[in-house]
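# Observations on chain architecture
Residues per chain are reported as follows:
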Amino acid sequence: MGGVRLVAGAAVLALATVWPGVATRVFADTIESALVRAYQSNPQLNAQRASVRVTDESVPQALSGYRPKVAVTTSGGFQHTDITFSQGLPGQGNVLGRIKGNQTPFAVGATASQTLFDGFQTANRTRAAEGQVSAAREGLRVLEQTVLLAAATIYMDYLRDSAIVEVQRSNVRVLEETLKQTRDRFNVGEVTRTDVAQSEAQLASGRTQLMAAESTLTTTRANFQRIIGNEPAQLAPGSPVDRFLPPTLAGAVDLGLIQNPNVTAAMYGIDVSHLLVKVAEGALFPSVILQANVQQGQNQQLTVPKQLLASAIAQVSVPIYQGGAEYSLIRQSKETLAQQRLTLELVRTQARASVVQAWGQLVATKLQVKSAQAQVEASEIAVNGIREEAKAGQRTTFDVLVAQQTLVSARVALVTAQHDRVVASYAVLNAVGRLSPQVLKLNTTVYDPSVHYHQVRDSWVGMRTPDGQ
């Protein structure tokens, strides 16, 4: 049965001890380069980056409460005046008078207002907006990890499914040869028609398994293109990322409770909710606004050809009662804060469970690989021995076919275990919050959301985005 040993085409797993000589192959792609392409071009990830840039704009919007508001008004037109009036003159009694004429009134003015105090609402809104930006960045980290994990998984999926196709294809070739040998032996009377039928049935089953494996590979290829952005070519083996993991489960749990972006996003959510309570309470404070007006008018009245008005007024407003809505909003904000605190506890519990689950899977896959390797080695010895015994008449064709199928199942189990071993290491890295280009040392420019934030934070005017749109 030594002829069944093979190199699984272009798809060879990191621990592919089943197929000797894989180190001499030349590969066109690596898992690291696939992760880089997914990080750079995944449309879902790029959309989330745009969402963070949208959130950045909430900070200058909040800061606008510190800045003056200026408006310029102008008016002009035509006006006809015809006024008859009565006027009392000394010694003459009431005398009727009349003013009649046309004029083209024109006025231009400016109004500027500056909030001097608003119950600290602007300050708290600004801090809340900054907290929302930080939470949005953590949300981006969540999606970055999700995309990188999906990319690593689909890369390993393609390696696994390609290898399984090669295993099944080799199995079909072996079964075809077995059927040929069985028919030859039947022709000389060494076996019965039943042996031929068993070989034919097993070959048909092998071909069905091959077609199923090819169908699965086609689906995996489409998902590879969707997630990573290109059709898979020859792929190099993927390897675990254990070197980036904490050495113990306890260390992984502690790290997950600190660095998992879901946890940090929930913590920022508490900060934002606390500040929104302060914003709502600010509605009960007095407010102070300084307003300045200047207006230049011409021909406003027949008797006043020109006038200039200017004023500067400070207005203090003390809220007494506004229907109770402000108190309801305060209570609502406090309930939201309590909800966020409970959400943080839930997220921490989920993060801890995710780390423990991923760690358990990693430990299990390490053992599964060793077990599957032993199973393959034993199955190879068994199938070779049974074939030799069958030639001597000590085993039946059915025994050979069962041994062959056992070997195929063992090879598929090993390929799957090797796949699961690599994916599980990435899953642990994701659970602890360290699945990032920086930690993996990927050869790519890391997207920095703070660049856009600082570009727009202190902008007073301008409609163009920093990228020129």
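For the structure itself, consult the block above.
Summarised in this report is the structure supplied together with it. For every chain, the first residue of the written sequence is number 1, and numbering continues from 1 along that sequence. For this predicted model, a pLDDT threshold of at least 70 governs which residues receive local features, and a threshold of 80 or more governs which side-chain atom pairs are given and counted, while totals over whole chains, interfaces and linings are taken from all residues. Values shown for side chains rest on all heavy atoms present in the structure; no hydrogens or waters enter the calculation.

What follows concerns the sheet that holds strand E6 (residues 304-317). Pairing between the strands of a sheet is mediated by backbone hydrogen bonds and can be parallel or antiparallel. Should DSSP find at least two bridges between two strands, the strands are regarded as paired. Secondary structure elements are defined from DSSP: runs of H or I of at least 4 residues count as helices, runs of E of at least 2 residues count as strands, and each element is numbered from the N terminus. Judged by pairing direction, the sheet is antiparallel, and its 4 strands sit side by side in the order E1-E4-E5-E6 without closing on themselves. Both edges of this open sheet fall to strand E1 (69-76) and E6, since each of them pairs with a single strand only. On average, adjacent strands in this sheet sit at an angle of 10° to one another, irrespective of strand direction. In this structure, strand E4 (residues 106-117) lies alongside strand E5 (residues 287-301), joined through 11 bridges in antiparallel fashion. Paired with Ala110 across the strands is Val294, a residue of E5. Convention adopted: a line fitted to C-alpha atoms gives each axis, helices being fitted over their contacting stretch, and angles between N-to-C directions are expressed from 0 to 180 degrees.

Okay, the packing of aromatic side chains next. Whether two aromatic rings pair depends on their centres lying within 6.5 Å, for rings of Phe, Tyr and Trp, where Trp uses its six-membered ring; planes under 30 degrees apart make the pair stacked, over 60 edge-to-face, and the rest tilted. Within the structure shown, the criterion is met by 4 aromatic pairs. Measuring from ring centre to ring centre gives 5.1 Å for Phe117 and Phe120, while their planes differ by 85°; the resulting arrangement is edge-to-face. Between buried and exposed lies partly exposed: a residue is buried under 20% and exposed over 50% of the maximum accessible area for its type, with that area taken using a 1.4 Å probe on protein chains only. Residue classification places Phe117 among the partly exposed positions, given a relative accessible area of 26%. Among the residues examined, Phe120 registers a relative accessible area of 49% and is labelled partly exposed. Taken together, the ring pairs connect Phe117, Phe120 and Phe285 into an aromatic cluster. Lysine NZ or arginine CZ positioned within 6 Å of the ring centre and within 35 degrees of the ring normal marks a charge as sitting over the ring. One residue, Arg49, lies across the ring of Tyr39, its end atom 4.7 Å from the ring centre. Taking NZ or CZ as reference, Arg137 lies 5.2 Å from the ring centre of Tyr453, over its face.

One side chain can pair with another of opposite charge once the charged atoms of both are near each other. Salt bridges are identified by distance alone: a Lys or Arg side-chain nitrogen within 4 Å of an Asp or Glu carboxyl oxygen. Taken as a whole and judged by the stated rule, the model has 18 salt bridges. Of the charged contacts in the structure, one is a salt bridge between Glu176 and Arg207, with a shortest N-O distance of 3.2 Å. With Glu176 in helix H4 (residues 121-187) and Arg207 in helix H5 (residues 193-228), this pair connects stretches of sequence that are 31 residues apart. Residue classification places Glu176 among the partly exposed positions, given a relative accessible area of 36%. Classification of Arg207 by relative accessible area gives partly exposed; the value is 40%. Asp242 is the salt-bridge partner of Arg421, the closest N and O atoms lying 2.5 Å from each other. You can see Arg421 sitting in helix H9 (residues 397-431) and its partner Asp242 sitting in the loop between H5 and helix H6 (249-259), a full 179 residues away along the chain. Classification of Arg421 by relative accessible area gives buried; the value is 12%. Through salt bridges with shared partners, one network takes in Glu130, Arg457 and Asp458.

Its identity is not glycine, yet Phe120 carries a phi of approximately 65°, on the positive side. The topology assignment puts Phe120 in the loop between E4 and H4. Phi at Lys441 takes a positive value of approximately 60°, unusual for a residue other than glycine. Considering the arrangement of structural elements, one finds Lys441 in the loop between helix H10 (437-440) and helix H11 (449-456).

Turning our attention to H11. Each full turn of the α-helix corresponds to 3.6 residues, which orients residues three or four apart in the same direction. Of all the positions in H11, only Pro449, Ser450, His452, Tyr453 and Val456 are classed as buried. Buried positions in H11, seen along its axis, are confined to an arc of 160° and lie on one side of it. Residues are treated as being in contact if the distance between any of their heavy atoms lies within 4.5 Å. The secondary structure elements touched by the buried residues of H11 are helix H2 (43-56), helix H3 (58-63) and H4. By definition, the arc is the one covered by directions from the helix axis to the C-beta atoms.

We now examine the nonpolar core. Judged by nonpolar contacts, the single largest core of 64 residues is most densely connected at Leu35, Tyr155, Tyr426 and Leu440. Among the elements of the structure, helix H1 (31-41), H2, H4, H5, H6, helix H8 (325-391), H9 and H10 are those that each provide at least two residues to this core. The element contributing the most residues to this core is H4, with 20 residues. Apart from residues lying up to four places away in sequence, Leu35 is in contact with Leu148, Ala151, Ala152, Tyr426, Leu440 and Leu442. What is meant by a nonpolar core is a set of buried Ala, Val, Leu, Ile, Met, Phe, Trp, Tyr and Cys residues, joined one to another through side-chain atoms within 4.5 Å.

Moving on, we come to the side chain of Thr444. Checked against the element boundaries, Thr444 lands in the loop between H10 and H11. Here a polar contact is recorded for every N or O atom pair within 3.5 Å, except that within protein the pair must consist of a potential hydrogen donor and a potential acceptor, and residues adjacent in sequence are included only if both atoms are side-chain atoms. One polar contact links Thr444 to Gln40, side chain to side chain, over a distance of 2.9 Å.

What follows concerns the layout of surface pockets. As defined here, a cavity is a set of points on a 1 Å grid over the protein atoms alone where a 1.4 Å probe fits but cannot get out. A pocket is an open set with protein on both sides within 12 Å along at least five of seven lines, and residues line them when an atom is within 4 Å of a point. Grid points are joined across faces, edges and corners, and a volume is the space filled by probe spheres set on the points. If you add up the space inside the largest pocket, you get close to 320 Å³. Arg137, Glu138, Arg141, Glu144 and Gln438 are the residues nearest the centre of the largest pocket, which is lined by 19 residues in total. Those elements that place two or more of their residues in the lining of the largest pocket are H4 and H10. Per-element accounting of the lining of the largest pocket gives the leading share, 7 residues, to H4. Residue composition of the lining of the largest pocket, grouped by class: 8 nonpolar, 6 polar and 5 charged. Every residue lining the second largest pocket is counted, 14 residues in all, and those nearest its centre are Gln181, Arg185, Arg387, Lys391 and Val400. Elements supplying a minimum of two residues to the lining of the second largest pocket: H4, H8 and H9. The leading source of residues in the lining of the second largest pocket is H4, at 6 residues. Each residue is assigned to one class: nonpolar for Ala, Val, Leu, Ile, Met, Phe, Trp, Tyr, Cys and Pro, charged for Asp, Glu, Lys and Arg, and polar for all the others, Gly among them.

Further remarks concern empty space enclosed by the protein. All told, the structure shown has 1 cavity of 30 Å³ or more when counted by the stated rule. Looking at the largest cavity, its volume works out to about 50 Å³. In terms of lining, the largest cavity is formed by Glu32, Leu35, Ser239, Pro240, Val241, Arg243, Phe244, Tyr426, Leu440 and Leu442.

Right, let's get into the pairing of E5. Regular strands place their side chains on alternate faces of the sheet. Where E5 and E6 come together, 13 bridges link them in antiparallel fashion. Across the sheet, Ser287 pairs through a bridge with Ser317, a residue of E6.

By the criterion of burial, E1 is predominantly exposed, with just 0 of the 8 residues buried. The sheet contact formed by E1 and E4 spans 8 bridges and is antiparallel. Residue pairing across strands places Thr73 opposite Gly109, the latter belonging to E4.

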